[in-house]
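# Structural overview for review
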Amino acid sequence: MSIIEVNNLTKKFGDIEAVKGISFKVEEGEVFGFLGPNGAGKTTTINILCTLLNPTSGEAVLNNFNVVNNPNEVRRSIGLVFQDPSLDERLTARENLEFHAMIYNVPRSERNERIKNVLEMVELSERQNDLVRNYSGGMKRRLEIARGLLHYPKVLFLDEPTIGLDPQTRNHIWTHIRELKKKENVTVFLTTHYMDEAENCSRIAVIDYGEIVALDTPSNLKAQVGGDVLTLKTGNDEIAALRLKEDFGLDVKLVPSESEGTNSSGIYFEIENGDKFIPKLIKEADLNILSINLRKPTLDDVFLKLTGHAIREEKADVSTFHRAHMRMGRR
């Protein structure tokens, strides 16, 4: 059963088309991921689904409510964890949750029990009376997830939930996300640019420049990359790439360098039985090979194959978040 249905959704900001007629469905109880870089349209889509923005055209339905025609019903059906912190750091964790419960009209008779349960879920019970300003970044994220679950949402939206956190804290947060899905059957809608994070999703929509370029399970997406992935670094990558195309008929890509003034950081191509191809390459190719790396495909490779470029680094946009948050408060 679909909990979210999106049909031909478009959003324009003046002459800029941020979302370009996308369509997809999210099934109840799944972890659905939007994988894409900054500016891909991920946050714009979430803001439409959460009633923070109206679409230019198309339709979006969440929990059987149209996001434009029934915004209040949609808001009661969702929990939100934004990219940027939205907790009141002058309050304790418990006070933040009590305020949220009051805003969402959680019955007074149920508030204490619900607060107790969500604090236990994210392992913050012993710190509930501490001021949030004394929390670490990971603790704040866990508290925001607890807050998003307090009113029993059908869908929990996580917009870059672990951005800026260290790998250990990210893994800790994902442990809690998997637990809440298991215990509460909450549908999780996630946006991320972290490839390893996207591996946690049931299905992934790869989005770039406002368009969905693929939608499938992580394993099926990686199966689109043929064979092994081989990356070379040579004395002259441009010349080496031409020779590999001419001599071996390979579909070779130059990997852009992140350092200014450097044209390439390597040569990338897919090859069946890469371990057997490497000796042949070294023997027959007249190349100044500096390094060779052979590995199985990852979601990074999927993104590169589908879009022709590596994923661009994500940066949180604080001003966008605050404007959206203020709009929600005025409605």
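Procedures and definitions
- Residues numbered from 1 in each chain as written.
- Predicted model: local features only at pLDDT ≥ 70, side-chain atom pairs only at ≥ 80, totals over all residues.
- Heavy atoms only, no water.
- Helix = DSSP H or I, 4+ residues; strand = E, 2+ residues; numbered from the N terminus.
- Buried < 20%, exposed > 50% of the residue type's maximum accessible area, 1.4 Å probe, protein only.
- Contact = heavy atoms within 4.5 Å.
- Areas by Shrake-Rupley, 256 points an atom, 1.4 Å probe, with all protein chains shown as cover.
- Salt bridge = Lys/Arg side-chain N within 4 Å of Asp/Glu carboxyl O.
- Pairing = 2+ DSSP bridges.
- Phe/Tyr/Trp six-rings, centres within 6.5 Å; stacked < 30°, edge-to-face > 60°.
- Lys NZ or Arg CZ within 6 Å of the ring centre and 35° of its normal.
- Axes fitted to C-alpha atoms, helices over the stretch in contact; angles between N-to-C directions.
- Core = buried A, V, L, I, M, F, W, Y, C linked by side-chain atoms within 4.5 Å.
- Patch = residues over 30% accessible without salt bridge, like charges linked within 9 Å, V, L, I, M, F, W, Y side chains within 5 Å.
- Parallel < 35°, antiparallel > 145°, perpendicular 65-115°, else oblique.
- Left-handed = near helix turned anticlockwise from the far one by under 90°.
- Nonpolar A, V, L, I, M, F, W, Y, C, P; charged D, E, K, R; others polar.

### Some words on the overall build of the protein chain
A count of helical and extended segments in the protein chain gives twelve helices and 14 strands. Along the longest, intermediate and shortest principal axes, the C-alpha atoms of the protein chain span 75 × 45 × 40 Å. Within the span of the protein chain, comprising 331 residues, buried residues form 48% of the whole. A separation threshold of at least 6 residues defines the contact pool for the protein chain, and within that pool the share at least 24 residues apart is 71%. Of the roughly 16,200 Å² that the protein chain leaves accessible, carbon and sulfur atoms contribute 46%.

### Examining the pattern of salt bridges
Per the stated rule, a full pass over the model turns up 15 salt bridges. A salt bridge links Asp 251 to Lys 253, with the shortest nitrogen-to-oxygen separation between them at 3.8 Å.

### Observations regarding the pairing of strand E10 (residues 211–216)
Examined bridge by bridge, strand E9 (residues 203–208) and E10 share five bridges and lie antiparallel to one another. Counted as the bridge partner of Ala 205 is Leu 215 from E10. The turn linking E9 back onto E10 is made up of two residues, and Tyr 209 within it adopts a positive phi angle of 50°.

### Examining the environment of Asp 84
The residue Asp 84 is located in the loop between strand E6 (78–81) and helix H3 (93–103) in this model. By relative accessible area, Asp 84 is classed as buried at 8%. Each C-alpha atom of the pair Asp 84 and Gly 164 lies 9.9 Å from the other, and the pair is 80 residues apart in sequence.

### A word on the packing of aromatic side chains
Under the counting rule described, the total for this entry stands at nine aromatic pairs. On the basis of an interplanar angle of 10° and a centroid distance of 5.4 Å, the ring pair of Phe 24 and Phe 32 is categorised as stacked. You can call Phe 32 buried: its relative accessible area is 0%. Relative to Phe 189, the ring of Phe 24 lies with its centre 6.1 Å away and its plane at 50°, an arrangement referred to as tilted. Taken together, the positions of Phe 24 in strand E2 (residues 16–27) and Phe 189 in strand E8 (residues 187–192) put the pair 165 residues apart, joining distant regions of the chain. Across this residue pair, the class does not change: Phe 24 and Phe 189 are buried. Through pairs of rings, three or more aromatic residues link up here, namely Phe 24, Phe 32, Phe 34, Phe 157 and Phe 189. When the ring centre of Tyr 152 is taken as reference, the NZ or CZ atom of Arg 114 above it lies at 3.8 Å.

### Details of the sheet that holds E9
Strands sit in the order E6-E7-E8-E3-E9-E10 across an open sheet of six strands; the sheet is mixed. The sheet terminates laterally at E6 and E10, the two strands that pair on one side only. Ignoring which end each strand starts from, the neighbouring axes of this sheet average 15° apart. Lying on the sheet, helix H6 (residues 167–184) is in contact with strand E3 (31–35), strand E7 (155–159) and E8; it crosses E8 at an angle near 155°. Contacting E3, E9 and E10, helix H11 (residues 299–307) crosses the sheet at an angle of about 45° to E9.

### A short note on the nonpolar core
One finds Leu 143, Ile 145, Leu 149, Leu 156, Leu 158, Leu 180 and Ile 204 to be the most contacted residues of the largest nonpolar core, which totals 46 residues. The element that contributes the greatest number of residues to this core is helix H5 (residues 137–149), accounting for five residues. In this structure Leu 158 touches Val 81, Ile 145, Ile 177, Val 188, Phe 189, Leu 190 and Thr 191, once residues within four positions along its chain are discounted. In terms of nonpolar packing, the next biggest core, distinct from the first, is built from 29 residues, Phe 34, Ala 40, Ile 48 and Val 155 among them.

### A few points about a nonpolar patch on the surface
A cluster of nonpolar side chains, contributed by Phe 99, Met 102 and Ile 103, occupies part of the molecular surface with about 310 Å² of accessible area. With respect to the secondary-structure elements, Met 102 resides in helix H3.

### Some remarks on the sheet that holds E2
Strand order in the open sheet formed by four strands is E2-E1-E4-E5, with antiparallel pairing between adjacent strands. Of all the strands in the sheet, the pair left with one neighbour each is E2 and strand E5 (65–66). Examined bridge by bridge, strand E4 (residues 57–62) and E5 share two bridges and lie antiparallel to one another. Bridge assignment links Val 61 to a residue of E5, and that residue is Asn 66.

### Quick look at the environment of Ile 16
Tracing the backbone shows Ile 16 in strand E2. Through-space distance from the C-alpha of Ile 16 to that of Thr 298 is 31 Å; in sequence the pair is 282 residues apart.

### Concerning the packing of H5 against H6
The contact between H5 and H6 brings their axes to 10 Å, and the two run at 15°. The orientation of H5 with respect to H6, classified from their angle, is roughly parallel. When the axes of H5 and H6 are compared, the crossing they make is right-handed. Contact residues: Gly 138, Arg 141, Arg 142, Ile 145 and Leu 149 in H5; Thr 169, His 172, Ile 173, His 176, Ile 177 and Leu 180 in H6. The class makeup of the residues in the contact of H5 with H6 is five nonpolar, four polar and two charged.

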